[in-house]
Amino acid sequence: MTDPTAFVRANTILASPPLTPELTLHLATEVTPLWEATEATLARANLPPPYWAFAWPGGQALARYMLDNPGLVAGRTVLDFAAGSGIVGLACVRAGAKAVLACDIDPFAMAAMKLNAAANGLALDITSEDLVGRPMGGVDIVLAGDVCYERPMAERVIGWLRGLAEAGKIVIMGDPGRAYLPAEGLEAVADYTVPTPLDLEDRDRRHTSLWRVLA
């Protein structure tokens, strides 16, 4: 199997996403070459697409909000769910969170997050466990960016997030108008216009909203 850390280093460059110049991430410069390289690996290892190599709009918006509103996470424990590159979790660490757990089941995302944490000189706890359905005791805030792009993912995750909100946790989603974002049970928090690559989103900007999940 391809070494995930070596693969991330070989297929990305260090760059800052448009909304978060404070952070440096290992990011792909073009979508197609990385997708093709990953598909070659997928054929052998059955790995998911390289979502970790891009700073998606929902994640960028969440990260920007946390950097601009550090009081929300300062001294608290945060879960960055479906973390990808780790941009949201890293923003929370920089904003003063007591601890941040970044979760992603993709081993390449795990490698990318470790490299990104090191690149920013930040400490990030990382797990590849599937946390959906767990009560997440000890976590104060749950952040989830770009999780409503497919029906199975959205249906599986939304009920869990709503249960966490009912348990008293602050749950905030970042979403650029994906098809399976719930129509009810959300409270608007903030809006951003996020620059996006044309080959990734078919447009150069996406209106992206942050939503608090209501109990």
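One can find the structure itself at the top, above this paragraph.
Residues numbered from 1 in each chain as written. Predicted model: local features only at pLDDT ≥ 70, side-chain atom pairs only at ≥ 80, totals over all residues. Heavy atoms only, no water.

Draft legend 1. Structural detail: helix H6 (residues 151-166). Given a rise of 1.5 Å per residue, 16 residues ought to cover 22 Å, and the 23 Å separating the end C-alpha atoms of H6 matches this to within 8%. For H6, the complete set of buried residues consists of Ala154, Val157, Ile158, Trp160, Leu161, Leu164 and Ala165. Where H6 is buried, its residues touch strand S3 (77-81), strand S6 (141-145), strand S7 (170-175) and strand S9 (205-213). Once H6 finishes, Gly168 follows within two positions and takes phi at roughly 100°, a positive value. (Helix = DSSP H or I, 4+ residues; strand = E, 2+ residues; numbered from the N terminus. Expected span 1.5 Å × (residues − 1). Buried < 20%, exposed > 50% of the residue type's maximum accessible area, 1.4 Å probe, protein only. Contact = heavy atoms within 4.5 Å.)

Draft legend 2. Quick peek at the side chain of Lys169. Mapped onto the elements, Lys169 comes out in the loop between H6 and S7. For the buried Lys169, no salt bridge exists, and the shortest N-O distance to an oppositely charged side chain is 6.3 Å, to Asp140. Within the structure, the side chain of Lys169 is placed 3.0 Å from the backbone oxygen of Met136, a separation counted as a polar contact. (Lys, Arg positive; Asp, Glu negative; His and termini not counted. Salt bridge = Lys/Arg side-chain N within 4 Å of Asp/Glu carboxyl O. Polar contact = N/O pair within 3.5 Å; in protein donor to acceptor, adjacent residues only side chain to side chain.)

Draft legend 3. Representation of the nonpolar core. Core analysis: the largest hydrophobic core is formed by 38 residues, its most contacted members being Met66, Val73, Cys92 and Leu143. Elements with a minimum of two residues in this core: strand S2 (25-27), helix H3 (57-68), helix H4 (87-94), strand S4 (99-103), helix H5 (107-120), S6, S7 and strand S8 (186-195). If near-sequence neighbours (up to four positions away) are discounted, Met66 is found in contact with Leu72, Val73, Cys92, Ala95, Leu143 and Ile172. Listed in part, the 22 residues of the second largest apolar core include Phe81, Leu131, Val142 and Val157. (Core = buried A, V, L, I, M, F, W, Y, C linked by side-chain atoms within 4.5 Å.)

Draft legend 4. Spotlight on the pattern of salt bridges. A complete count under the given rule lists 6 salt bridges for this structure. One salt bridge in this structure joins Arg156 and Asp130, with 2.7 Å as the shortest N-O distance. Within this pair, whereas Arg156 is found in helix H6, its partner Asp130 is found in the loop between strand S5 (125-127) and S6, the two being separated by 26 residues in sequence. According to the relative accessible area criterion, Asp130 is partly exposed, its value standing at 37%. A network of salt bridges, in which partner residues are shared, links Glu22, Arg64 and Asp68.

Draft legend 5. Looking closely at the sheet that holds S8. With respect to topology, 7 strands assemble into an open sheet ordered S5-S4-S3-S6-S7-S9-S8, the strand pairing being mixed. One side of each edge strand has no neighbouring strand; the edge strands of this open sheet are S5 and S8. In this sheet, neighbouring strand axes are inclined to one another by 20° on average, regardless of whether the strands run parallel or antiparallel. (Pairing = 2+ DSSP bridges. Axes fitted to C-alpha atoms, helices over the stretch in contact; angles between N-to-C directions.)

Draft legend 6. Examining the packing of aromatic side chains more closely. The tally for this structure, following the rule as stated, stands at 7 aromatic pairs. On the numbers, 6.4 Å between centres and 25° between planes, the contact of Trp52 with Phe108 is stacked. Remark: Phe108 occurs in helix H5 and Trp52 occurs in the loop between helix H2 (31-45) and H3; sequence separation between them is 56 residues. A relative accessible area of 2% means that Trp52 is categorised as buried. Members of the aromatic cluster, each reached through a chain of ring pairs, are Tyr51, Phe54, Trp56 and Tyr149. (Phe/Tyr/Trp six-rings, centres within 6.5 Å; stacked < 30°, edge-to-face > 60°.)

Draft legend 7. Expanded view of the packing of helix H1 (residues 4-11) against H5. Interhelical geometry of H1 versus H5 gives an angle of 65° and a closest axis separation of 8 Å. In terms of orientation, H1 and H5 fall into the roughly perpendicular class. When the axes of H1 and H5 are compared, the crossing they make is right-handed. Residues Pro4, Thr5, Phe7, Val8 and Arg9 of H1 form the contact with H5, whose participating residues are Pro107, Phe108, Ala111, Ala112 and Leu115. Its residues placed into classes, the contact of H1 with H5 shows 8 nonpolar, 1 polar and 1 charged. (Parallel < 35°, antiparallel > 145°, perpendicular 65-115°, else oblique. Left-handed = near helix turned anticlockwise from the far one by under 90°. Nonpolar A, V, L, I, M, F, W, Y, C, P; charged D, E, K, R; others polar.)

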